[in-house]
Amino acid sequence: MPAPDLDTIVSLAKRRGFVFPAAEIYGGFANTYDYGPLGVELKRNIRDSWWRSMVRERDDVVGLDASLITHPRVWKASGHVATFNDPLVDCKKCQMRWRVDHLEEGDYGPVKRDAEGNIRCPNDGGELTEPRQFNLMFKTQIGTVADDSAIAYLPPETAQGIFINFENVVGSMRRKLPFGIAQTRVSFRNEITPGKFVFRTLEFEQMEMEYFCFPPKDRENPVEYLALHQEWIAYRLNWYIERLGIDPSRLRLRPHEKEELSHYSAGTTDIEYLFPWGWGELEGVAARTDFDLTAHGNESGHPLTYFDEESNQHVVPWVIEPAAGLTRTLAVTMLEAWDEETDARGEKRVVMRFKPSIAPVKVAVLPLSKNEALRPFARKVYDMVRPVYMTQYDETQSIGRRYRRQDEIGTPLCVTIDFQSVGEKGEAGDDAVTIRERDSQAQVRVPLSGLLDALRERLPGC
Ligand code: GAP
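Cut-off values and rules
Residues numbered from 1 in each chain as written. Predicted model: local features only at pLDDT ≥ 70, side-chain atom pairs only at ≥ 80, totals over all residues. Heavy atoms only, no water. Phe/Tyr/Trp six-rings, centres within 6.5 Å; stacked < 30°, edge-to-face > 60°. Helix = DSSP H or I, 4+ residues; strand = E, 2+ residues; numbered from the N terminus. Buried < 20%, exposed > 50% of the residue type's maximum accessible area, 1.4 Å probe, protein only. Lys NZ or Arg CZ within 6 Å of the ring centre and 35° of its normal. Pairing = 2+ DSSP bridges.

1. Quick word on the packing of aromatic side chains
- By the definition in use, this model includes 19 aromatic pairs.
- Centroid distance F179 to F212: 5.6 Å. Interplanar angle 35 degrees. Geometry classified as tilted. Highlighted residues: F179 in strand β9 (residues 179-188) and F212 in strand β10 (residues 203-213), separated in sequence by 33 residues. Each member of the pair F179 and F212 is classed as buried.
- Ring geometry for W232 and Y235: centres 5.2 Å apart, planes at 80 degrees, overall edge-to-face. Of this pair, W232 and Y235 both sit in helix α8 (residues 223-243), separated by three residues, roughly a single helical turn.
- The aromatic ring of F199 is capped on one face by R328, whose charged end is 3.8 Å from the ring centroid.
- In this structure, R386 packs its charged tip against the face of Y382, placed 4.5 Å from the ring centre.

2. Observations concerning the pairing of strand β17 (residues 338-342)
- Bridge count between β17 and strand β18 (residues 348-352): five bridges; the pairing is antiparallel. Bridging from a neighbouring strand, D339 pairs with V351 of β18.
- The turn joining β17 and β18, which pair antiparallel and follow one another in sequence, is formed by five residues; a positive phi near 80 degrees is taken by G346.

What follows is the structure, encoded as structure tokens:
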């Protein structure tokens, strides 16, 4: 069962240390968030899972980490300076600024209209200005002299860093087509957002891969290229289901209509998730053709081509690009993991049912109580497990409350140390601990010597 609404997740995220609204002590800073101790682990685990499936497990993809501050001509060549715009309107009364497409889709609440049918300001019903195009890139300045030659842009996507390194990677890694270059990195867009948690933020992380292949035999009817596009769509969809555990009934594929295609795309299919407010994009898998390599070749005067030994010719590769949002996927993973159930004693518990490989904490070590007699043994267990798995040690409050806390942050296994473990009243302990499983709440006793094997068995892929 996914979370019933976004507020449930926003509140859990803050209370349990996943995601905090940024700069709260200064009254907050719109559409920016900080990732807390558990959020940073969750984000890292999702990123690692993506990297494993896109780079490590494949023999045709390599990684890259390009500079964030990018030569301004990169964004001219890519088309972002000229076309990466949103149509915005201002309220003449309260001066609030809105995105026209979000207004029309009712993203800011029920659409308000005047007698003539014109959309009015969602905040105070005021009259809106005519739409104007605003570029979404953040401008910054290099050096101390503020002139045009010092302008740089923060990257609105990771892709361009990959294209401009195409030749470096081919040369240094002796790659043959087809092959991909993958990158995970922060991107920036100066967006007016409807304020849906980390769904759309000014600064966000992306996980992108550019897959370079031979140009199709027929540009007008690129059958083999479109088949490769479909292969990547299926591969990526499967990652959300198999690796993140997202229910396939809340995922769908949506091919773009011609008029909504980005300036570079010959075809894009979005992988969408059924958010509490409706379907929304998680990832776009775009058929970018040879647009970017050609554009950078033209702008720089340095053609970006691949020498095909078979045909003895230089060709400009075509590209398939799966582009996913890491921080948006984190929100989906949290929505999807949330569950609430009533146990046999009629007590409610909230459980984040993360896959073990994604869960921020894998094991919690919990002595039954704060009793001094338990502590040395419990610390020994903690010291044994901590180097292997992300582990928490907790001896405060009742054991029941600590189990609930671990359930709420999605810890798959708790290891409990009791008096039977250490012995009491002169009796020797059994040197064993209890493993408690998050989902079934089943408990099993294992000898300390077999604990790591028992954990390994229950934590596949971790
Ligand atoms: N290079 C292609 C590209 O950037 P995109 O569809 O604009 O394509 C890819 O972005 C993914 O990045 C989106 O599917 C979404 O998950 C994420 N994304 C885009 N803008 C975002 C924002 N403002 N906040 C959070 N995630 C965002």
